Amino acid sequence: MTIYSQIYNLTLKRKVHMTLIDPASQNISRSTEIAIEAERAGTDFFMIGGSTSIDMKVMDDTISGIKKETTKPVIIFPGSSLMISRYADAIYFMSLLNSRNPNFIIGHQVKAAPFLKKMGIETIPMGYLVFDPGMTVGKVGEADLIDNRNEDPAIAYSLAAQMLGMKLVYLEAGSGAPVTVNPRIVKAVKSQISVPLIVGGGIRTKENASIIAKAGADVVVTGTIVEKAEKVYDALEPIIREIKSVV
Ligand code: 1GP
């Protein structure tokens, strides 16, 4: 079964949690340790990447290290065309639709496509939308940040993503954001699209996670929490339990 089918089928049954591990934030053995603890805490998928560009060697070493020690699928969450690895199970073939720079919409994708074809890795087309406050990805991705108070632009972008054939829509507040994407916006977008909806950025408590899942996120992503926590399992387990309990 493809990784996309696994994501899709799981979202039909319950809310899904993904753990983002950014190889730029720690060394390889710490990334592996985080993955082991996150799996023990019940995460469903690993997303490896971030907005700081990392070379293929670090991506290869991080992903092969994680694959050796864990069983959940690994999906690349690329910040550039260099962030690819043959060890991953799939890659988000993502387009930052609200970037002012065409490289983030289609440029990196064109560069990476021939390599991805050779690797034979599964590509999952995803519309990636960065909201105010945007944080590093907003700056690096030169995003024309989407208003976090007004549903209409968010709905229009999400519908455009789906109409372009993208199989996932990701609403992003930015890693480490002081606020999440507005739950009102999550709800409005969810009511308009039929592809799975991913929400991330600034989710650090089980209360936040619950609000975002109840608003309509099919997949909730957390990253910073595992980088900051001394005890990854203790920090993550209550959040994941909460997400999975939302019906
Ligand atoms: C960032 O949405 C992810 O791309 C996760 O954000 O690091 O704030 O959990 P956090």
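Residues numbered from 1 in each chain as written. Predicted model: local features only at pLDDT ≥ 70, side-chain atom pairs only at ≥ 80, totals over all residues. Heavy atoms only, no water.

Summed over all chains, the structure comprises five aromatic pairs. Relative to Tyr 170, the ring of Phe 77 has its centre 5.5 Å away and its plane inclined at 20°; by these criteria the two rings are stacked. On the criterion of sequence distance, the pair formed by Phe 77 in strand 3 (residues 74-77) and Tyr 170 in strand 6 (residues 168-172) is long-range, its members being 93 residues apart. For Phe 77, a relative accessible area of 6% gives the class buried. Here Tyr 170 falls in the buried class, since its relative accessible area comes to 1%. Seen from their ring centres, Tyr 128 and Tyr 170 are 5.1 Å apart, and the 80° between their planes marks the pair as edge-to-face. With Tyr 128 in strand 5 (residues 122-130) and Tyr 170 in strand 6, this residue pair connects regions lying 42 residues apart in the sequence. Just as Tyr 128 is buried, Tyr 170 falls in that class too. (Phe/Tyr/Trp six-rings, centres within 6.5 Å; stacked < 30°, edge-to-face > 60°. Helix = DSSP H or I, 4+ residues; strand = E, 2+ residues; numbered from the N terminus. Buried < 20%, exposed > 50% of the residue type's maximum accessible area, 1.4 Å probe, protein only.)

Moving on to the site of the ligand. As a matter of local geometry, the ligand sits amid 13 residues, with Glu 172, Ser 175, Gly 176, Gly 223 and Thr 224 nearest to it. Contact distances for the ligand include 2.6 Å between an oxygen atom and a side-chain N or O atom of Ser 175. In the model, an oxygen atom of the ligand is placed 3.0 Å from a nitrogen or oxygen of the Gly 201 main chain. Taking 310 Å² as the accessible area of the ligand by itself, protein coverage stands at 98%. Here the shell around the ligand is composed, by residue class, of three nonpolar, nine polar and one charged. (Near = heavy atom within 4 Å. Polar contact = N/O pair within 3.5 Å; in protein donor to acceptor, adjacent residues only side chain to side chain. Areas by Shrake-Rupley, 256 points an atom, 1.4 Å probe, with all protein chains shown as cover. Nonpolar A, V, L, I, M, F, W, Y, C, P; charged D, E, K, R; others polar.)

Another point: helix 7 (residues 183-190). Taken together, the buried positions of helix 7 are occupied by Ile 185, Val 186, Ala 188 and Val 189. One side of helix 7 carries all its buried residues, which in axial view fall inside an arc of 165°. Packed against the buried residues of helix 7 are helix 6 (151-163), strand 6, strand 7 (197-200) and helix 8 (206-215). (Arc of directions from axis to C-beta. Contact = heavy atoms within 4.5 Å.)

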